[in-house]
Amino acid sequence: MVGNIFSDNLKKFLYKTVTIHTVGCNDNSVDFTGTLAAIHEDYVTLILTLGVVRKHDESPKNMINFNRTYNNSPPCLYKPGSIADIPISKIAAIVHYPV
């Protein structure tokens, strides 16, 4: 019941920037700041950084070329973003209007 109330309350913050404070074992805690992308039964998904797509001629060296053998046009290069799946049971607090 309490989990459902918490999940329902989280729905207000979908697609908004939040900071999630987590708790772990041995008093370890980690903070994640990003866009709340999804709320599942057991965890939430937070987009921490967005991926980037660039044409080959304007890309830095740390990009990944996934299209190099699939077409004749200049390939696009992708720099992956990062996503965190955070268990709801490990959430200690959510800051939804950071200053």
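What you are looking at is a predicted structure, and each value in this text was computed from that prediction instead of being measured. (Residues numbered from 1 in each chain as written. Predicted model: local features only at pLDDT ≥ 70, side-chain atom pairs only at ≥ 80, totals over all residues. Heavy atoms only, no water.)

Looking at this structure, how should I read the overall build of the chain?
Within the chain one finds 1 helix and 8 strands. In the chain, the succession of α and β elements from N to C terminus is α-β-β-β-β-β-β-β-β. Within the chain, buried positions represent 22% of all 99 residues. Sequence-distant contacts in the chain: of pairs separated by 6 or more residues, those separated by 24 or more amount to 52%. Surface accessibility of the chain: about 7300 Å² in total, with carbon and sulfur atoms responsible for 55%. (Helix = DSSP H or I, 4+ residues; strand = E, 2+ residues; numbered from the N terminus. Buried < 20%, exposed > 50% of the residue type's maximum accessible area, 1.4 Å probe, protein only. Contact = heavy atoms within 4.5 Å. Areas by Shrake-Rupley, 256 points an atom, 1.4 Å probe, with all protein chains shown as cover.)

Looking at this structure, I do not really get the side chain of Thr19. What am I missing?
Relative to the assigned elements, Thr19 resides in strand β1 (residues 17-23). Take Thr19: its relative accessible area is 12%, and that puts it in the buried class. If near-sequence neighbours (up to four positions away) are discounted, Thr19 is found in contact with Asp31, Phe32, Thr33, Ala93, Ile94 and Val95.

Honestly, the sheet that holds strand β2 (residues 29-39) in this entry has me stumped. Any pointers?
Spatial strand order, β7-β3-β2-β1-β8: 5 strands in an open sheet with antiparallel pairing. Two strands close off the open sheet at either side, each with one partner strand: β7 (82-87) and β8 (91-95). Ignoring strand direction, the axes of neighbouring strands in this sheet form an average angle of 45°. (Pairing = 2+ DSSP bridges. Axes fitted to C-alpha atoms, helices over the stretch in contact; angles between N-to-C directions.)

Please explain the nonpolar core as it appears in this structure.
Looking at soluble globular proteins, one finds that nonpolar side chains tend to be buried together. Grouped together as the largest cluster of nonpolar side chains are 11 residues: Leu10, Phe13, Val18, Ile20, Leu36, Val44, Leu46, Ala84, Ile86, Ile88 and Ile91. Elements with a minimum of two residues in this core: β1, β3 (43-49) and β7. (Core = buried A, V, L, I, M, F, W, Y, C linked by side-chain atoms within 4.5 Å.)

Would you take a moment to explain the environment of Thr35 for this structure?
Locating Thr35 in the fold gives a position in strand β2. Judged by its relative accessible area of 28%, Thr35 is partly exposed.

Teacher, can you tell me more about the pattern of salt bridges here?
Should the charged atoms of two oppositely charged side chains come close, the side chains can pair. Tallying each qualifying case throughout the model produces 1 salt bridge. For Lys11, the salt bridge is made with Asp8, and the minimal N-O distance between the two is 3.5 Å. (Salt bridge = Lys/Arg side-chain N within 4 Å of Asp/Glu carboxyl O.)

Sorry if this is basic, but what is going on with the side chain of Ser7 here?
By the element assignment, Ser7 lies in helix α1 (residues 2-10). Judged by relative accessible area, Ser7 falls into the buried class, the value being 13%. Excluding anything up to four places from it in sequence, Ser7 contacts Ile39, His40 and Ile88.

As far as function goes, none of this settles anything; it's purely spatial.
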